[in-house]
Amino acid sequence: MKVLVIGGGGREHTLVWKLVQSSRVSEVFCAPGNAGTEEIATNIDLSDGDIPGLLKFARENEIGMTMVGPEVPLVNGIVDEFEAANLRIFGPNARAAILEGSKVFTKELLAKYQIPTAEYHRFTEAGPAIKFLEANTTYPIVIKADGLAAGKGVLISPTKEDAQQGVREMMEDKVFGAAGDEIIIEEFMTGPELSMLCFVDSKTVVPMVSAKDYKRIGEGDTGLNTGGMGAISPNPLYDDELEAYCLENIIEPTLEGMRHEGRPFKGILYCGIMLTEAGPRVLEYNVRFGDPETQVILPRLKTDLAEIFDAVIDDRLNEIEIIWDEGAAATIVLASQGYPEAYPKGLPISGLDRVKSSVVFHAGTKLASGEVVTSGGRVLNVTTLAETVDEALESSYTNGELIQFEGKTIRKDIGS
Ligand code: AMP
Ligand code: GLY
């Protein structure tokens, strides 16, 4: 079968890398891909948002299965359009992808089905939100744009003035466009975070091995939020008991609620959880693999990934056994100077061929006249599979030193 992977980051390079190893897969295409996917698959010059173009490509090239990496095409209904054209595609349809597409929808669902999450209020106008904050006495507080904002739509405001400013920027200045037409103001929670990813079909949910993402740019969890500066698997806080608790009290009631609402979910469900003193509570849902969590989860997967995707599409997930490597994995991100704010692009990258004991998944790279150059904020993910997280980290850091580009930025405390 020929497979199409949609997206062009580190997550998608990892998906492509795993799928080319499948005995069921004859050829892999990636749209738009990056310099790393170009090495092991065929890049297609179509953006991940060009649903008609992708559909046409899949039809004309007899693609047997399409896998969608990022959230935007899922929320915009790519699965619905492929299914209507009788093309096999992995992921939730638009009605189910709303779990990531609308934070208001998700908070209402969690409340309706009594699933633990932060207390919240929703607002469709700035005035009442500002007034609410005026009367509120507990800070910090969390302000969230309802819609998709490329991971930037969450503000943790330390003071009333800061929170009110955030509301104005979202609702009046429209810094996130229509995503800020409605907002959530919610209680600030504290505790360690856990990313729980599951394969889901209409009958079965199978959790993957756990991971921990390091979202802030700076050491000691300081500075701006990024897409993720590194990850480890397993998450040291995770055990069978916590997994069983989260499945029973969070994941299963959410999936049951979605079925009840006429929005059955299928694909990858990613639940961001905070382990508060009052127990695990939901931070957010994503409807796709995490980036960079995928870079540490999929290297540990022993089962053929294409077989799992096929089983989910056909609602046969209960029939297959999913086997994981017992060891550990780590990935560190080599980022551009300035990320997550403005950063330069087009800088030459050297030393990739010197890496021996790690795998390098490309994120923001492209080929320019045959040379690999930077093209994004997160440039490369140096990933290692080892017996322990410490061994994996050591190798990733050592190999990360062998790669050079101007302004290369690494967070040094991944794993801590
Ligand atoms: P989200 O996109 O909703 O996961 O939010 C991004 C990040 O903001 C999370 O990973 C948390 O670190 C933080 N965050 C979101 N909601 C809250 C909350 N209610 N309390 C504390 N931190 C939060
Ligand atoms: N690493 C966080 C995310 O993929 O949303």
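Note that the structure is predicted; figures quoted are calculated from it, not measured. Residue indices begin from 1 for each chain and proceed along its sequence in written order. Here chains are named by letter from A upward and ligands by number from 1 upward, in the order in which they appear as written. Where local features are concerned, this predicted model is filtered to residues with pLDDT of at least 70; where side-chain atom pairs are given and counted, the filter is 80 or more; whole-chain, interface and lining totals use all residues. The side-chain quantities take in all heavy atoms of the structure and omit both hydrogens and water.

Asks: When you look at the site of ligand 1 in this model, what are you seeing that I'm missing?
Replies: Any residue with a heavy atom lying within 4 Å of a molecule or strand is counted as near it. Looking at ligand 1, there are 15 residues lining it, with Glu186, Glu187, Met189, Glu193 and Glu284 nearest. Between a nitrogen atom of ligand 1 and a main-chain N or O atom of Glu187, the distance comes to 2.8 Å. Any pair of nitrogen or oxygen atoms within 3.5 Å is treated as a polar contact; in protein, a donor-acceptor pairing is required on top of that, and neighbouring residues in sequence qualify only through side-chain atoms on both sides. At a separation of 3.1 Å, an oxygen atom of ligand 1 approaches a polar side-chain atom of Lys215. Note on areas: Shrake-Rupley with a 1.4 Å probe; residue coverage comes only from the protein chains shown. In isolation ligand 1 offers 460 Å² of accessible surface; the protein chains occlude 90% of this area. Helix and strand definitions follow DSSP, with helices as H or I runs of at least four residues and strands as E runs of at least two, each counted in order from the N terminus. Those elements giving two or more residues to the shell around ligand 1 turn out to be strand 7 (141-145), strand 8 (154-157), strand 9 (183-187) and strand 17 (279-286). In the scheme used here, Gly and all other residues not listed as nonpolar or charged are polar, with Ala, Val, Leu, Ile, Met, Phe, Trp, Tyr, Cys and Pro taken as nonpolar and Asp, Glu, Lys and Arg as charged. When the residues that make up the shell around ligand 1 are grouped by side-chain class, the tally is 8 nonpolar, no polar and 7 charged.

Asks: Looking at this structure, I do not really get the site of ligand 2. What am I missing?
Replies: In the vicinity of ligand 2, the residues found are Asp213, Gly227, Tyr270, Asn286, Arg288, Gly290, Asp291, Pro292 and Glu293. At a separation of 2.9 Å, a nitrogen atom of ligand 2 approaches a polar side-chain atom of Asp213. Interatomic distance of 3.4 Å between a side-chain N/O atom of Asn286 and an oxygen atom of ligand 2. Here ligand 2 loses 88% of its free accessible area of 200 Å² to cover by the protein chains.

Asks: Help me understand the pattern of salt bridges, please; the structure alone is not making it clear to me.
Replies: It is possible for side chains bearing opposite charge to pair when their charged atoms get close. Here, a salt bridge means any Lys or Arg side-chain nitrogen found within 4 Å of an Asp or Glu carboxyl oxygen. Tallied over the full model, the rule gives 24 salt bridges. Residues Arg122 and Glu108 are paired through a salt bridge, measuring 2.7 Å at the closest nitrogen-oxygen approach. Of the two residues, Arg122 sits in strand 6 (residues 120-123) while Glu108 sits in helix 7 (residues 103-112), which places them 14 residues apart along the sequence. The buried label goes to any residue with under 20% of its type's maximum accessible area, the exposed label to any with over 50%, and the partly exposed label to all in between, with areas taken from a 1.4 Å probe on protein chains only. Overall, Arg122 belongs to the partly exposed group, its relative accessible area being 40%. Residue Glu108 is classed as partly exposed on the basis of its relative accessible area of 34%.

Asks: Help me understand a nonpolar patch on the surface in this model?
Replies: Patch definition: residues above 30% relative accessible area lacking any salt bridge, with like charges linked at up to 9 Å and the nonpolar side chains Val, Leu, Ile, Met, Phe, Trp and Tyr linked at up to 5 Å. On the surface, Val154, Ile156 and Phe188 cluster together into a nonpolar patch covering about 230 Å² of accessible area. Taking relative accessible area as the criterion, Val154 reaches 33% and is therefore assigned partly exposed.

Asks: Sorry, what's going on with the sheet that holds strand 6 here?
Replies: Within a sheet, adjacent strands bond to each other through the backbone by hydrogen bonds, running parallel or antiparallel. One open sheet holds the 4 strands; their spatial order is 6-9-7-8, and the pairing between them is antiparallel. The open sheet terminates on both sides in strands that have one partner only, identified here as strand 6 and strand 8. Direction aside, neighbouring strands of the sheet carry axes that sit 20 degrees apart on average. In this description, strands pair whenever DSSP reports at least two bridges between them. With 4 bridges joining them, strand 7 and strand 8 adopt antiparallel strand pairing. Its bridge partner being in strand 8, Lys144 is matched across the sheet by Val154. The contact definition used throughout considers only heavy atoms, calling two residues in contact when any of these lie within 4.5 Å. Between N-to-C directions, angles cover 0 to 180 degrees, with each direction set by a line fitted to C-alpha atoms, over the stretch in contact for helices. Helix 7 rests against strand 6, strand 7, strand 8 and strand 9 of the sheet, and its axis sits at about 140 degrees to strand 6. With respect to the sheet, helix 9 (residues 160-171) is in contact with strand 6, strand 7, strand 8 and strand 9, its orientation differing from that of strand 7 by roughly 5 degrees.

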